[in-house]
Amino acid sequence: MAGVTSFAKWELQNAVRTKWVLSSGAAFALSAMGVAILGMRSVGELGLTGVGPAATSLLGLAMLLPPLVGLMLGAGAVAGARERGTLQMMLTQPGARRSYVAGTFLGLAVAMWAILAAGVGASGIVLRTVADVGDVRPLLGVASATFGAATSAVAIGMFV
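Residues numbered from 1 in each chain as written. Predicted model: local features only at pLDDT ≥ 70, side-chain atom pairs only at ≥ 80, totals over all residues. Heavy atoms only, no water.

1. Focus on the overall build of the chain
Assigned secondary structure in the chain consists of 7 helices and 0 strands. Counting from the amino terminus, helix and strand elements in the chain follow one another as α-α-α-α-α-α-α. Counting all 160 residues of the chain, 39% fall into the buried class. Pairs at least 24 apart in sequence give 84% of the contacts found in the chain among residues at least 6 apart. Within the structure as shown, the chain displays about 8800 Å² of accessible surface, and the carbon and sulfur contribution to it stands at 70%. (Helix = DSSP H or I, 4+ residues; strand = E, 2+ residues; numbered from the N terminus. Buried < 20%, exposed > 50% of the residue type's maximum accessible area, 1.4 Å probe, protein only. Contact = heavy atoms within 4.5 Å. Areas by Shrake-Rupley, 256 points an atom, 1.4 Å probe, with all protein chains shown as cover.)

2. Here we look at the nonpolar core
Note that soluble globular proteins tend to have their nonpolar side chains buried in a common cluster. In this structure, Ala15, Val21, Leu61, Leu73, Leu108, Met112 and Ile115 are the most contacted members of the largest nonpolar core, which totals 17 residues. Elements represented by at least two residues in this core include exactly helix H2 (19–46), helix H4 (65–84), helix H6 (96–127) and helix H7 (136–159). Excluding residues within four positions of it along the chain, Leu61 makes contact with Phe28, Ser31, Ala32, Val35 and Pro66. In terms of nonpolar packing, the next biggest core, distinct from the first, is built from 5 residues, Phe7, Ala81, Leu87 and Tyr100 among them. (Core = buried A, V, L, I, M, F, W, Y, C linked by side-chain atoms within 4.5 Å.)

3. Here's the deal with a nonpolar patch on the surface
Taken together, the side chains of Trp20, Leu68, Leu71, Met72, Ile156, Phe159 and Val160 present a nonpolar region at the surface, about 770 Å² in accessible area. Broken down by element, the nonpolar patch gets its largest block of residues, 3 residues, from H4. Locating Met72 in the fold gives a position in helix H4. A relative accessible area of 45% means that Met72 is categorised as partly exposed. (Patch = residues over 30% accessible without salt bridge, like charges linked within 9 Å, V, L, I, M, F, W, Y side chains within 5 Å. Salt bridge = Lys/Arg side-chain N within 4 Å of Asp/Glu carboxyl O.)

4. Section: H4
The end-to-end C-alpha distance of H4, which contains 20 residues, comes to 28 Å, matching closely the 28 Å that a straight helix rising 1.5 Å per residue would cover. Its axis deflected by about 25° at Gly76, H4 carries its strongest bend there. For H4, every residue scored as buried is listed here: Pro66, Pro67, Val69, Gly70, Leu73, Gly74, Ala77, Gly80 and Ala81. Gly85, located one to two residues past H4, shows a positive phi value of around 90°. (Expected span 1.5 Å × (residues − 1). Bend = angle between axes of the 7 residues up to and from the residue.)

Here you go:
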C-alpha cells in the first residue's frame, strides 16, 4: 500500500506541474461558468425558475471536455514515463508493477477530480443565485456523471 500511495503522490505532482493540466482545468472552469450563465439567461428570458436548461448544458459540456482530458492524461502518463526511461526503472523494483499501475491511476484520477471540482464549483457558484433546494439533485447528478466519465477515461487512456 505504501508503494501505491508514493506512486500516486508522484504522479499527482507530475500532473499538477504541467501547464497543460492547469490550463485545461481553467478552461473547464471558465466554460462551465459560461454555460451556466447562458443557461440561466435562457431560463430568465422564458420567465421560468430552476436550473434545468443550465444543468442540461453543463451535462453536455461535462461529457465532452473532461473525458477527453482524462484520455490524454492517462495515455500521456504511461507513454511519457516510457519515453523518459522511468517506466523501466520503476518496473524493475520488486512488486512494483501493480503498485505502479494502481498508483498512477490514483494520482491521475485525483488530478482529474481537482480539475472537475474547480469546474463544477465555479458553475455551482454561478447557479446558486437561481437554484432552489430541489435543484441540487440534478446538479449533483451532473457532477457525479462527470466524475465517473472522467475517471473511466483516465483508466481507458492508461490501458491504451
